[in-house]
Amino acid sequence: MIETDRRQLLGGLAALATVTGWIGLNGDPAVAQDAAPAAARAYALPPLPYPADALEPHIDAQTMTLHHDKHHAAYVDGLNAALAGLEQARAGGQPSDLAKIRDLTDAVAFNGSGHALHSMFWANMKKGGGEPKGDLARLIGRDFGTFAAFQTHFSTAAVKVQGAGWAILAWEPLSGRLVVLQAEKQQNATLFGSVPLLACDVWEHAYYLKYQNKRADYVKAWWNVVNWDNVAERLAAAMKLTA
Ligand code: MN3
């Protein structure tokens, strides 16, 4: 399988990661690794799917390199550390061994959501941008009125995230519709069951070097690098889920 196809497949799997849990660890579904020791099931940082300067001038190469190599890597490391901590605590066998369960569980949610969202974020972008087509365009029109109305809704959600977080377009399988969510930090204010399709990172680390405090300018520029084909692939996979 050529590398591009493999990445597209992994991108599709990543779309399902939040609803199925242990998927896309090193690219293999968890079912194939049931017998592996915990260390072999550790999460790994996926490579950027394009050169760091691919999204210039909208997102600069230095920001991309730091964002991926330092920030995303830290979420992967934090997730693995938290899971190792839980494993060690369970091995003690006593409730007292789990005294730090709140911190550890919070670390799984924060770092795990950070890893999932960043993995999707890289795949959500490409040089050239464009406009949604097909089912994605039709459902955006159905659920938001027009593409322009959706863009305004999503952009405002992104700009208005309190502190650090994300704007997210997600498929909500209970009602079978698209929704715009905000995530504070990586994991708060989410909607369980929904499948993220497109996310805009509005942590300052995503834009401060080029845009300083002007988050709205970054969000406006970000639309130029949305990979709508990737979003459409995620939607097709998510729509196969039943509530
Ligand atoms: Mn980030």
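Check the entry above for the structure.
Everything quoted here is computed from the prediction, not taken from an experiment. (Residues numbered from 1 in each chain as written. Predicted model: local features only at pLDDT ≥ 70, side-chain atom pairs only at ≥ 80, totals over all residues. Heavy atoms only, no water.)

*Asks:* What is the right way to read the coordination of the manganese ion from this model?
*Replies:* For a metal with four tetrahedral donors the ideal donor-metal-donor angle is 109.5 degrees, whereas six octahedral donors ideally subtend 90 or 180 degrees. Bound to the manganese ion are the protein donor atoms His67 (NE2), His118 (NE2), Asp201 (OD) and His205 (NE2), situated 2.0 to 2.2 Å from the metal. Of note, the manganese ion draws all its donor residues from one chain, in the sequence arrangement H-x50-H-x82-D-x3-H. Here His118 is found in helix H4 (residues 101-123), whereas its partner Asp201 is found in strand E3 (residues 195-201), with 83 residues between them in sequence. By the burial criterion, His118 is buried, and Asp201 matches it. (Donors = N, O, S within 2.8 Å, 3.2 Å for Na, K, Ca; no water. Helix = DSSP H or I, 4+ residues; strand = E, 2+ residues; numbered from the N terminus. Buried < 20%, exposed > 50% of the residue type's maximum accessible area, 1.4 Å probe, protein only.)

*Asks:* Mind showing me how you'd approach the pairing of strand E2 (residues 177-184) here?
*Replies:* Each regular strand carries side chains that alternate between the two faces of the sheet. Sheet topology places strand E1 (residues 165-172) next to E2; eight bridges connect them, and they run antiparallel. For Ala170, the partnering residue across the bridge sits in E2 and is Val179. (Pairing = 2+ DSSP bridges.)

*Asks:* I tried to follow the packing of aromatic side chains on my own but got confused; where do I start?
*Replies:* Each aromatic ring pair is described using two quantities: the centre-to-centre distance and the angle formed by the ring planes. Enumeration over the complete set of coordinates arrives at 17 aromatic pairs. Centre to centre, the rings of Tyr75 and Trp203 are 6.4 Å apart; their planes meet at 75°, and the pair counts as edge-to-face. Here Tyr75, found in helix H3 (residues 61-92), pairs with Trp203, found in the loop between E3 and helix H7 (208-211); they are 128 residues apart in sequence, far enough to count as distant. Assessed through its relative accessible area of 6%, Tyr75 is described here as buried. Taking the relative accessible area as the measure of exposure, Trp203 reaches 17% and is therefore buried. These aromatic residues form a ring-pair network of at least three members: Phe144, Phe147, Phe150, Phe154, Trp222, Trp223 and Trp228. (Phe/Tyr/Trp six-rings, centres within 6.5 Å; stacked < 30°, edge-to-face > 60°.)

*Asks:* What should I look at first to understand the pattern of salt bridges in this one?
*Replies:* Between side chains of opposite charge, a pair can form when the charged atoms approach closely. Scanning all chains against the criterion turns up four salt bridges. Here Lys126 makes a salt bridge to Asp229, at a shortest N to O gap of 3.9 Å. In this pair, Lys126 is assigned in the loop between H4 and helix H5 (134-144) and Asp229 in helix H9 (residues 228-238), connecting sequence segments 103 residues apart. Note on Asp229: relative accessible area 40%, which makes it partly exposed. Between Arg138 and Asp135 there is a salt bridge, with the nearest N and O atoms lying 3.3 Å from each other. Here the residue Arg138 and the residue Asp135 both occupy positions in helix H5, the gap between them amounting to three residues, near one helical turn. Taken together, the shared-partner salt bridges connect Lys126, Lys133 and Asp229 into one network. (Salt bridge = Lys/Arg side-chain N within 4 Å of Asp/Glu carboxyl O.)

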